[in-house]
Amino acid sequence: MKNDMIVMGKIVSTHGVRGSFKIVIYSQCERDFFSYKNHFEIEKKFIDIKKKFKKENVLICESSTVKNKEEALDLVGKFITINQKHLKKNTSEDYFHKDLLGCKVFDKYGKNLGKIKAIHNFGAGDLLELDSGYPFMIRFADIKKSDINLKKKIIIINNLND
């Protein structure tokens, strides 16, 4: 069965004694994260999330369904998800990471380097991991938008070192 849920963030710990909790978000910014607030779920149950403030790299939030620290503790380690049908694209040329998974990657000479099996970000930008044992990750920032063909599920890498 296909998983239609997209992970938007993770509850990483509680904050205080009144049921607040800390969230690490997986979107580019808070505005993008909260644009989906009417669709947030945890384990297939709707949850309303309201930001109280930001502290370092986490958001301190609360929910009307979480009344105390014990209830917040039950959420620690759980993912905040939305159904992919709620994802918004600004233009027909926009895409999401999930759209790139499974794309075949070729170098500029037409050599098949493998398929994208994962996209990672360790803090310095997105990296593509291939399934073929290709020895390097590919910096997504080095790929031109014109070299991505989602209809054919093909990406051409024109700037690999020979």
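Residues numbered from 1 in each chain as written. Predicted model: local features only at pLDDT ≥ 70, side-chain atom pairs only at ≥ 80, totals over all residues. Heavy atoms only, no water.

S.K.: Please provide a residue-by-residue account of the packing of aromatic side chains, values included.
M.R.: On inspection of all chains with the given rule, the structure shows four aromatic pairs. Taking 4.9 Å as the distance between ring centres and 85° as the angle between the ring planes, the aromatic pair formed by F33 and F34 counts as edge-to-face. Like F33, the residue F34 is buried in the burial classification. Arranged with centres 6.0 Å apart and planes meeting at 75°, the rings of Y134 and F136 form a pair that is edge-to-face. A relative accessible area of 55% places F136 in the exposed class. (Phe/Tyr/Trp six-rings, centres within 6.5 Å; stacked < 30°, edge-to-face > 60°. Buried < 20%, exposed > 50% of the residue type's maximum accessible area, 1.4 Å probe, protein only.)

S.K.: How would you summarise the environment of K108 if you had to cite specific residues and measurements?
M.R.: Along the chain, K108 falls in the loop between β8 (104-107) and β9 (112-121). A relative accessible area of 40% means that K108 is categorised as partly exposed. The sequence separation of K108 and L128 amounts to 20 residues, and the corresponding C-alpha distance is 17 Å. (Helix = DSSP H or I, 4+ residues; strand = E, 2+ residues; numbered from the N terminus.)

S.K.: With reference to specific residues and values, describe the environment of D74.
M.R.: By the element assignment, D74 lies in the loop between α2 (69-73) and β7 (79-83). The sequence separation of D74 and S13 amounts to 61 residues, and the corresponding C-alpha distance is 9.8 Å.

S.K.: How would you summarise the pattern of salt bridges if you had to cite specific residues and measurements?
M.R.: Enumeration according to the criterion identifies seven salt bridges in this entry. The salt bridge partner of R31 is D32, with a shortest N-O separation of 3.6 Å. On the accessibility criterion, R31 (63% relative accessible area) is exposed. Classification of D32 as partly exposed rests on a relative accessible area of 25%. Measuring nitrogen to oxygen at the nearest pair gives 3.0 Å for the salt bridge that ties R139 to D142. On the basis of relative accessibility, which here comes to 34%, the residue D142 falls in the partly exposed class. Within this structure, E30, K51 and K54 form a network of salt bridges that share partners. (Salt bridge = Lys/Arg side-chain N within 4 Å of Asp/Glu carboxyl O.)

S.K.: Describe the pairing of β9, listing the residues and the values that go with them.
M.R.: Bridging between β8 and β9 involves three bridges; their strand directions are antiparallel. Counterpart to K104 in the pairing with β9 is K115. Pairing between β9 and strand β10 (residues 126-130): five bridges, direction antiparallel. Of the residues in β10, the one forming a bridge with H120 is L127. Counting the residues between successive antiparallel strands, the hairpin from β9 to β10 contains four residues, one of them, G123, with a positive phi of roughly 115°. (Pairing = 2+ DSSP bridges.)

S.K.: Got a sec to walk through the nonpolar core? Specific residues and values, please.
M.R.: Within the largest apolar cluster, 20 residues are counted, with the highest numbers of intra-cluster contacts made by F21, I23, F33, F40, I49 and I80. Mapped by element, the contributors of at least two residues to this core are β1 (5-15), β2 (20-25), α1 (30-34), β6 (58-62) and β7. In terms of residue count, β1 provides more of this core than any other element does, three residues in total. Discounting chain neighbours no more than four positions away, the residues touching I49 are F21, I23, F34, F40, C61, E62 and I80. (Core = buried A, V, L, I, M, F, W, Y, C linked by side-chain atoms within 4.5 Å. Contact = heavy atoms within 4.5 Å.)

S.K.: How would you summarise the pairing of β10 if you had to cite specific residues and measurements?
M.R.: Sheet analysis places β10 next to strand β11 (residues 138-139), joined by two bridges and oriented antiparallel. In the sheet register, L127 faces β11, and the bridge partner there is R139.

Limitation: the analysis is restricted to geometry and does not speak to function.
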